[in-house]
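# Survey of secondary and tertiary structure
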Amino acid sequence: MEIPYTVKPREDTGLYNAKLGIWLFLASEVMLFGALFSAYILLRVGAPGGLWPAGWQNIPLGTLNTFILITSSITMVMAWASLKSRDFAKFKIFQGLTLVLAIVFLGVKMVEYSKKFTHYEVRLNDELVLAEGKPVFGKVVSQTNNTVLFLPAKGLGKYGDSVKYPSAQVKTVVLGGVVDGHLHERSAEAVVIEGRKVAKSEDLLNLRSREAREATHEEIHLVPDQIARMHSYGPWHNTYLACYFAITALHALHVLGGIIVIFYFWGPGSRMWHTEPERFTNRIEVSGLYWHFVDLVWIFVFPTLYLL
Amino acid sequence: MSHDAHSSPGHAEAPAKPVNLRKAFYVFGSQLLITAMIVTAYYLPWGQTTVNMVFTIVLALCQAALVLCFSMHFITEKKFIYGVALFTAIFLSAMLYLILTAGSASGHLHVNHVS
């Protein structure tokens, strides 16, 4: 039995099957992204003043990706228009261009992601100097008039068993602070970071501030025992980055889905043009609607996560 | 028309319907311009972040409207699609309303602060 309304529209709705299907699918997508955006906005608005990261994203790369996606949108329109004009060769060119632009978009995204995973925030231990003069790195857990409970560091944020010292034997020198930058070397003996040192992690939140822009970056050598905690700027870093990775990765998955569909219609799926050109044109129109939606989502992702 | 097009058996029953791409290029140009404006606004010394936020959001909404109305042909769609869009808007608004009121009913929003 032949499936009805694959080419000809239904009389009552005025739509062919695939078009109705894609609009219903896009409606569900609006709800999915709408929920994520609203969650992000609630968290952003609810965060206390000055405690939400600003200027953490690479604006030139984000802008480049926006231009790439907008351009892929017009090449998609031109691919569909070529089929309407019965010019299959032109369709192949524009569909191929769309495919290339989509792949470049993902490539740029990968560059952005990889930088996040090589960028580290390193919290340093306080330094405790014992009466004998031997320095031991670690963290003071509690301090009374008579005793100091101390967690000695074993390197790279690991702690040994707590030790109790008489207060008279202990001299605490607070060094602490946070080192932020790109990781150059990480071994059992040394950690080398190309970046800067600040007093506390809150100082790293606003990279648009004058202090952040004027800060000089240098090669900082650390002994693993100095390190209390060391973590990259992945989704585990804080709420903002968790939202950033959730939303942009979901969008990137949609781009990947688009790439598979665009490739199929550019390659093996294009055989349908020779047997059912109208139906094939409709398929390209439907995949185009999906691709424009991916562009539409990015239009909100870029300013929300990169600029505001 | 290409050789491939002429060689396709289905063409006898499907005549060519050339599409006027002028509108699509206007939309493309406008999108590029709006993106440039949004990014420029980011670097401008507004003084107040709220002004920048409102400006950016309004421009992003304009850009989204262009894509929806012209690239996705929403303004010339069938009534049924408007029904689907209306249902989505109502459903999404109701969901947002529930989330917002649930947050205020419990006193305040529980935000996982930046570590």
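Quick look at the overall build of chain B now. What chain B contains, in helices and strands, is four helices and zero strands. The proportion of buried residues among the 115 residues of chain B is 12%.

The subject of this paragraph is unusual backbone geometry. We note that A:Y5 has phi near 60°; this positive angle belongs to a residue other than glycine. The topology assignment puts A:Y5 in the segment before α1 (17–46). Phi is positive for B:H73, close to 55°, though the residue is something other than glycine. Tracing the chain through its elements places B:H73 in the loop between α3 (49–71) and α4 (79–105). B:H73 sits in the partly exposed class, given 14 other C-beta atoms within 10 Å.

Quick look at helix α5 (residues 239–266) of chain A now. All names here are of chain A. Taking 1.5 Å per residue, 28 residues should reach 40 Å; α5 reaches 40 Å between its end C-alpha atoms and fits that length. Turning to α5, its buried residues number three or more, namely T239, Y240, C243, Y244, I247, T248, H251, V255, G258, I262, F265 and W266. Looking at the buried positions of α5, the neighbouring elements they touch are α1, α3 (88–118) and α6 (277–307).

The next subject is the domain arrangement of chain A. Assigned domains of chain A: these are domain 1 (26–119 + 238–307) and domain 2 (126–175). Of note, the centres of domain 1 of chain A and domain 2 of chain A, computed from C-alpha atoms alone, are 52 Å apart.

All names here are of chain A. Ordered by their spatial adjacency, five strands build an open sheet running β10-β9-β8-β1-β11, and the pairing between neighbours is antiparallel. Each edge of the sheet is formed by a strand with only one pairing partner; in this case those strands are β10 (218–222) and β11 (227–232). Sheet twist, expressed as the average angle between the axes of neighbouring strands with direction ignored, equals 40°. Relative to β10, strand β9 (residues 191–198) runs antiparallel, the two being bridged by five bridges. In the strand pairing of β10, V191 is matched with L222.

The next subject is the interface of chain B and chain A. Contact residues are listed per partner, giving 48 residues for chain B and 53 residues for chain A. Sort the elements by how many residues they give to the side of chain B that touches chain A and α4(B) lands first, with ten residues. For the side of chain B that touches chain A, a count of residues per class yields 31 nonpolar, 14 polar and three charged.

Here we take up helix α2 (residues 22–43) of chain B. Each turn of an α-helix holds 3.6 residues, which means side chains three or four residues apart point in the same direction. In this model, α2(B) (22 residues) spans 32 Å end to end at C-alpha, consistent with the 32 Å of a helix rising 1.5 Å per residue. Of all the positions in α2(B), only B:V27, B:F28, B:Q31, B:T35 and B:I38 are classed as buried. The buried residues of α2(B) occupy an angular sector of 100° when projected down its axis, which confines them to one face. Exposed side chains of α2(B) directed beyond 90 degrees from the buried face belong to B:R22, B:F25, B:Y26, B:G29, B:L33, B:T40 and B:Y43. Taken together, the buried residues of α2(B) touch α2 (59–84) and α6 of chain A together with α3 of chain B.

All names here are of chain A. Where α2 meets α6, the closest approach of the two axes is 10 Å, and the angle between their N-to-C directions is 165°. By the criterion of interaxial angle, the relationship of α2 to α6 is roughly antiparallel. You can see that α2 and α6 cross each other, and the crossing is left-handed. Judged by residue contacts, I59, G62, T66, L69, I70, S73, M76, V77, A79, W80, L83 and K84 of α2 engage T281, I284, E285, G288, W291, H292, D295, W298, F302 and Y306 from α6.

A few words now on the nonpolar core. One finds A:A79, A:W80, A:Y290, A:V294 and A:W298 to be the most contacted residues of the largest nonpolar core, which totals 57 residues. For this core, the elements supplying multiple residues, two or more each, are α1, α2, α3, α5 and α6 of chain A together with α2 and α3 of chain B. No other element matches α6(A), which puts 17 residues into this core. Grouped together as the second largest cluster of nonpolar side chains are eight residues, A:Y120, A:V178, A:I193 and A:I227 included.

This part covers the confidence of the model for chain B. Residue and element names in this part refer to chain B. When the pLDDT values of chain B are averaged, the result is 79; 75% of them are 70 or greater. Per-element mean pLDDT across chain B ranges from 40 in helix α1 (residues 3–7) up to 94 in α2. With pLDDT under 50 throughout, residues 1–12 is counted as low confidence; its partners more than four residues away or in other chains account for 22 contacts. The ipTM for the predicted assembly is 0.84, set against a pTM of 0.86.

The rules behind the values
Residues numbered from 1 in each chain as written. Chains lettered and ligands numbered in written order. Predicted model: local features only at pLDDT ≥ 70, side-chain atom pairs only at ≥ 80, totals over all residues. Helix = DSSP H or I, 4+ residues; strand = E, 2+ residues; numbered from the N terminus. Buried ≥ 20, exposed ≤ 12 C-beta atoms within 10 Å, placed from the backbone. Expected span 1.5 Å × (residues − 1). Contact = placed C-beta atoms within 7 Å. Domains from an automatic or database assignment. Pairing = 2+ DSSP bridges. Axes fitted to C-alpha atoms, helices over the stretch in contact; angles between N-to-C directions. Nonpolar A, V, L, I, M, F, W, Y, C, P; charged D, E, K, R; others polar. Arc of directions from axis to C-beta. Parallel < 35°, antiparallel > 145°, perpendicular 65-115°, else oblique. Left-handed = near helix turned anticlockwise from the far one by under 90°. Core = buried A, V, L, I, M, F, W, Y, C linked by C-beta atoms within 7 Å. pLDDT = per-residue confidence, 0-100.

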